[in-house]
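Notes for the structure review
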Amino acid sequence: MGCKAFTPHLVGLAKELENKPFHLLASYNQRGTPAQAKHEIFQNGMALLAPNVTVSMHANHSGVQGTGYVPYYMVFDHHGDLVYHHQGGPYHGGDGTAVLDRVRTMLEQVPVIYTGRIPFERHAELAQKLEKGKQLNKSLLALAAALGQDPNDAELARLQNGVESYKRIELSRVERLLGTDFNAGQAHLETLAKAFLGTPWEYDIQPLVKSVRTPKAQKFHGAASKSLAKALGELQKLKSIQGNGAQVLNPLDAEFRATNRKKLDAIIQSLDAIGDQGSATPAGKLSVQLLALLQ
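Chains are numbered independently. Their residues run from 1 in the order of the written sequence. In keeping with the predicted nature of the model, local features appear solely for residues at pLDDT of at least 70, side-chain atom pairs appear and are counted solely at 80 or more, and the whole-chain, interface and lining totals rest on all residues. Remark: hydrogens and water are excluded; side-chain values derive from all non-hydrogen atoms of the structure.

Turning next to the overall build of the chain. Along the chain, the regular secondary structure elements total 12 helices and 6 strands. Dimensions of the chain, computed from C-alpha atoms along their principal axes, come out at roughly 65 × 55 × 25 Å. Counting only residues that meet the buried cut, the chain has 39% of its 295 residues in that class. Two residues form a contact once any of their heavy atoms are found within 4.5 Å. For the chain, restricting intrachain contacts to residue pairs at least 6 apart in sequence, the fraction spanning at least 24 positions comes to 59%. Numbered from the N terminus, helices here are DSSP runs of H or I no shorter than four residues, and strands are runs of E no shorter than two. Burial classes: relative accessible area under 20% of the type maximum marks a residue as buried, over 50% as exposed, and values in between as partly exposed (1.4 Å probe, protein chains only).

Spelled out as structure tokens, the structure:
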């Protein structure tokens, strides 16, 4: 079936673009249940903790009258507009994996800070600098100064909304990194803090930087992160099963669970210990998510 030759490529693209502004909505449009939909995405090679993949059932779009044979793909730009759709895969007139390069090319046009689709008139230069993300601290300070002079300016309000959205996304990325690689998360947080230094938007960044710098935090969060990294490493060593075109780790598959039961139980036990910390550590939050799949 065409989807078995095509879907693993999309899942692979999601992994490749994990830290890019890309999200894969994988819709299961055949007869089945939500459980089957989740099982199938893992059969196509999805990672156990994929942050940019959502699984859905029977998705459709008003701009596409019929998807014909599966698999069918739709590409949306950073404005949320449907810009292209076509049959994917090698069969039934599909265009193979052309969508992969299409997405990679489109990503080159995605701004660092998204400020909306409406052109700017009075603050076009500042908007352009923010979108490119170059000399970000200087641009953010300029925005803050402009807001101080004219707090009711509608264009400046739009720019501020874009900045706040960017900060939320980056802080979410920091939290995930702190859970899986504490040193990398701390480094990314320090970079973010420098970009927002001296601006009105640093209020929740600087306290976080100080909190993770303390020896107690280094020990507490660092240990949890290392424990989670070790558990993830052990998961990668489990015996895989045949998926759609390749060997996969499918935590929802009965054969996978039976084959790896003893080692899986040991991993679950270690994740339970990390998860007991709950929201106290980023690693604890991720462990709870992973446990929901494995148990």
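What follows deals with the side chain of Thr115. Inspection of the secondary structure assignment puts Thr115 in the loop between helix H3 (98-107) and helix H4 (124-132). The exposure class assigned to Thr115 is buried, which follows from its relative accessible area of 6%. Among the polar contacts listed, one links the side chain of Thr115 to the side chain of Glu131, at a separation of 2.4 Å. With residues near it in sequence (within four places) discarded, Thr115 still touches Phe120, Glu131, Arg158 and Leu159. In the analysis that follows, any N or O atom pair within 3.5 Å is treated as a polar contact, provided that within protein one partner can donate a hydrogen and the other can accept it, and provided that, for residues neighboring in sequence, both atoms belong to side chains.

Another point: the layout of surface pockets. In this structure, the second largest pocket spans a volume of roughly 270 Å³. Here a cavity denotes a set of grid points, spaced 1 Å apart and computed over the protein atoms alone, in which a 1.4 Å probe fits but from which it cannot get out, and a pocket denotes an open set meeting protein on both sides within 12 Å along at least five of seven lines; residues with an atom within 4 Å of a point are reported as lining. Together, 13 residues line the second largest pocket, and Phe42, Met46, Leu48, Ala50 and Leu293 are the ones closest to its centre. Put simply, Ala, Val, Leu, Ile, Met, Phe, Trp, Tyr, Cys and Pro go in the nonpolar bin, Asp, Glu, Lys and Arg in the charged bin, and everything else, Gly too, in the polar bin. Classifying every residue of the lining of the second largest pocket by side-chain character gives 10 nonpolar, 1 polar and 2 charged. Grid points are joined across faces, edges and corners, and a volume is the space filled by probe spheres set on the points.

Relative to the assigned elements, His123 resides in the loop between H3 and H4. Side-chain polar atoms of His123 contact the side chain of Asp153, separated by 3.2 Å. Discounting residues that sit within four places of it in the chain, His123 has contacts with Asp153, Glu155, Leu156 and Leu159.

With respect to the element layout, Pro111 can be found in the loop between H3 and H4. Each C-alpha atom of the pair Pro111 and Ala98 lies 23 Å from the other, and the pair is 13 residues apart in sequence. Residues contacting Pro111, with those up to four places away along its chain left out, are His78 and Glu131.

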